[in-house]
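Each chain, written out:
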Amino acid sequence: MSKEQDVESNIPKSFPPVVPDIREWPIYKMAKDREKLIDVVVKRTEDELFEHLSKGNGLLRNIADIYYQERVRLQENPWKVDPKDDPAFWKRVRNKLQRLAQPGHEDPEAVRALLHEIVERYTREVAGDFKEGTYNFARKFINFGFSRVFNAAQQGLFRGFRKQRMQLQEKMQLVGETEKLRELTKLGTVILVPTHFSNLDSIVIGWAIETLGLPAFTYGAGINLFGHPILAYFMSRLGAFRVDRRKKNKAYLTVLKSYSEEVLLRKGHMLFFPGGTRSRSGSLESRFKLGLLGTAIETQRKLLLEGNDNDHKIFIVPLVISYHSVLEGRGLIDEFLRQEGKEQFVLLQDDSESIRKNLSFAWKFFKSSSEMVFSVGEAMDLFGNKLDDEGNSIDKYGRVLDLRDYFRSNGNETNDPQRSHEYTRLLGQQLLERFQIENVVFSSHLVAFAAWQILLREKNGDIYRLLNVPEEDLFIPREEMLKTVDRLHVRLRELERNGRLRLAQHMHTDIRAIIEHGLKNIGVYHINQPLLRGKKGELLTQDLRLLYFYSNRLKGFDLEKYV
């Protein structure tokens, strides 16, 4: 079946659980063994740090550097989500450092104990948990909540719920290699690698995982998301581990790596946003943070060569989420422009922090004709090889590969960090390509790209000049928009036939209908519309920055020359 047929013939269906008994899920078993898991991570991290930090300036001096970075964080960038006892803890660390630095008070055992204290604190801060009761409640709540809001938005608050789950899956479509993903969770450990545009992604991906009948996944979540007590309650009990991006010191980063490695060694399925954070520009990720992918390759080496379960494999599955509207779109593009140096007077307002705004967004999403597509991509091993139905890695001739060969040199098993680094880099490149191929293009992406490029052309490609033009002075003649969208659509169809991207079902119709569909759905949440039709049929914008944000979804496909 072609990719085009796959998207168009999507039929909503329910997926039975891959593993019906929650107690057999890796995440459940890890939670039951949480204290031991923490002990293992602490020991491994401490040993690695002791070996690394004892060199050069010495362990005491390196711990002092960690303390200094933490003091700067507490003084210059404290968050309300920070542990209440943070100042007291680091004050004790400072006092111990001062005492151990005094002549005659050198005590290597005490310095090692201080390192242990820090590592254990970090590990307990990072480690997630999983509660069966909370999971069951959340599963029912999200399904019921989505269905209820959808049903109420479509039919009125007090009408029936018949077929609402099926209707919901028509609204939130799961396409692509869904069956393969389900099978792989039985054959090994899956790392699901999604695009990331909104703080709502974790919630909707959770819905997708549950709807696909998959076991729950572990995932890293920014510690800022734990600032809301309700979110914090659920996330801390649903497998999320905390990631504090303010902490860049060696000890903290090693804890994160060691924790991820232990989860994978225990066969825990993992969700990983490779961009590290939401896309500020609105474009698909163009570069990745490779840390976890590198950890996965090192873990695969240990599983194949050092573990007792030497047939256990780790699989990578890309996931591209497409939607017409991003709740935080305005704040994200403002921050992107500020980072790029083209906007100096913008303060980021993170709309996603408001529960009321999230609910408002959900209501407008379900009430409108807007849809959301989860495109499950082609799975691969950690070296980018394709997989057969049994999860075996195969080369381009269809021959089964032995992954141990990737860790051998002249017939001998080796641990070569430089080679592993190269494997990681190549895997990152391959995933970037898959994101483009699995991307499902919506009408809103097309009209935003066409409109932005037409306006940009009038300013000779100078984004900054264009952004300084008052919105009321900008318009696009109807015929020019029609011709431009037509040319772009022809090219997009060509790219789809060549397997370079996918088009949503609503993109397989005539140009006028596509434009109207795009105008109806683009920025359905926003008060100021990024693109709308004027009284004489021309195209107008009420928010140029938002138009830029949504146009960027088609960045990277070399479409500019077709405008």
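Relevant structure appears above.
Report follows, based on the coordinates.

What counts and how
- Residues numbered from 1 in each chain as written.
- Predicted model: local features only at pLDDT ≥ 70, side-chain atom pairs only at ≥ 80, totals over all residues.
- Heavy atoms only, no water.
- Salt bridge = Lys/Arg side-chain N within 4 Å of Asp/Glu carboxyl O.
- Buried < 20%, exposed > 50% of the residue type's maximum accessible area, 1.4 Å probe, protein only.
- Helix = DSSP H or I, 4+ residues; strand = E, 2+ residues; numbered from the N terminus.
- Pairing = 2+ DSSP bridges.
- Contact = heavy atoms within 4.5 Å.
- Axes fitted to C-alpha atoms, helices over the stretch in contact; angles between N-to-C directions.
- Polar contact = N/O pair within 3.5 Å; in protein donor to acceptor, adjacent residues only side chain to side chain.
- Patch = residues over 30% accessible without salt bridge, like charges linked within 9 Å, V, L, I, M, F, W, Y side chains within 5 Å.
- Areas by Shrake-Rupley, 256 points an atom, 1.4 Å probe, with all protein chains shown as cover.
- Lys, Arg positive; Asp, Glu negative; His and termini not counted.
- Charge placed at Lys NZ, Arg CZ, Asp CG, Glu CD.
- Core = buried A, V, L, I, M, F, W, Y, C linked by side-chain atoms within 4.5 Å.
- Phe/Tyr/Trp six-rings, centres within 6.5 Å; stacked < 30°, edge-to-face > 60°.

Tallied over the entire structure, the rule returns 47 salt bridges. Arg 73 is the salt-bridge partner of Asp 82, the closest N and O atoms lying 3.6 Å from each other. On the accessibility criterion, Arg 73 (5% relative accessible area) is buried. Note that Glu 179 and Arg 182 form a salt bridge whose closest N and O atoms lie 3.6 Å from each other. One end of the pair, Glu 179, and the other, Arg 182, are both in helix H9 (residues 178-187), 3 residues apart, so they sit about a helical turn from each other. On the basis of relative accessible area, Glu 179 is assigned to the partly exposed category, the value being 41%.

This part is about the sheet that holds strand E3 (residues 218-222). Two modes of strand pairing occur in sheets, parallel and antiparallel, and in both the strands are linked by backbone hydrogen bonds. The 7 strands are arranged E1-E7-E6-E2-E5-E3-E4 in an open sheet whose pairing can be described as mixed. Every other strand in the sheet has two partners, leaving strand E1 (172-176) and strand E4 (240-243) as the edge strands with one partner each. Sheet topology note: the E3/strand E5 (residues 270-271) ladder contains 2 bridges and is parallel. Bridging across to E5, Tyr 219 finds its partner in Leu 271. Contacting strand E2 (189-194), strand E6 (314-323) and strand E7 (372-376), helix H16 (residues 417-438) crosses the sheet at an angle of about 35° to E6.

Once that is clear, we can look at the side chain of His 445. Tracing the sequence through the fold places His 445 in helix H17 (residues 443-458). A polar side-chain atom of His 445 sits 3.3 Å from the main-chain carbonyl oxygen of Tyr 323. At 3.0 Å, the side chain of His 445 forms a polar contact with the backbone nitrogen of Phe 442. Excluding residues that lie within four positions of it along the chain, His 445 makes contacts with Ser 322, Tyr 323, Val 440, Tyr 550, Arg 553 and Leu 554.

Turning our eyes to something else, we now look at a positive patch on the surface. There is a patch of like positive charges on the surface, built from Arg 245, Lys 248, Arg 287 and Lys 289. Residue placement: Arg 245 occurs in the loop between E4 and helix H12 (250-265). Arg 245 gets classed as partly exposed once you look at its relative accessible area, which sits at 41%.

Grouped together as the largest cluster of nonpolar side chains are 159 residues, with contacts concentrated most on Phe 374 and Met 481. If one sorts the elements of this core by residue count, H17 sits on top with 10 residues. When neighbours within four sequence positions are excluded, Phe 374 is seen to be in contact with Met 172, Gln 173, Leu 174, Val 175, Val 204, Ile 205, Trp 207, Ala 208, Leu 319, Val 320 and Ile 321.

Positionally, His 421 belongs in helix H16. Considering only alpha carbons, one finds His 421 and Leu 293, 128 residues apart in sequence, at a separation of 9.6 Å.

Take the packing of aromatic side chains next. Within the structure shown, the criterion is met by 20 aromatic pairs. The interplanar angle of 35° and the centroid separation of 6.0 Å between the aromatic rings of Trp 207 and Phe 374 together place this pair among those described as tilted. Of this pair, Trp 207 sits in helix H10 (residues 201-211) while Phe 374 is found in strand E7, placing the two residues 167 residues apart along the sequence. On the basis of relative accessible area, Phe 374 is assigned to the buried category, the value being 0%. Here the aromatic rings of Phe 336 and Tyr 548 are separated by 6.4 Å at their centres, their planes lie at 55°, and the arrangement is tilted. Of this pair, Phe 336 sits in helix H14 (residues 329-339) while Tyr 548 sits in helix H21 (residues 544-551), and the two are 212 residues apart along the sequence. For Phe 336, a relative accessible area of 15% corresponds to the buried category. Given the relative accessible area of 7%, Tyr 548 is considered buried. Grouped by ring-pair contacts, the aromatic residues Phe 89, Trp 90, Tyr 122 and Tyr 252 constitute a single cluster.

What follows deals with the pairing of E2. Buried residues dominate E2, accounting for 6 of its 6 residues. The side-chain alternation of E2 yields two buried faces, one formed by Thr 189, Ile 191 and Val 193 and the other by Val 190, Leu 192 and Pro 194. Pairing analysis gives 6 bridges linking E2 to E6, with the strands arranged parallel. Paired with Pro 194 across the two strands is Leu 319, which belongs to E6. Sheet topology places E2 next to E5; 2 bridges connect them, and they run parallel.

Backbone geometry places Asn 410, a non-glycine residue, at a positive phi of 55°. Relative to the helices and strands, Asn 410 is located in the loop between strand E10 (408-409) and strand E11 (412-413). According to the relative accessible area criterion, Asn 410 is exposed, its value standing at 79%. You will see that Asn 460, though not glycine, has its phi angle at about 55°, which is positive. With respect to the helices and strands, the residue Asn 460 is situated in the loop between H17 and helix H18 (463-467). The class of Asn 460 is exposed, set by a relative accessible area of 68%.

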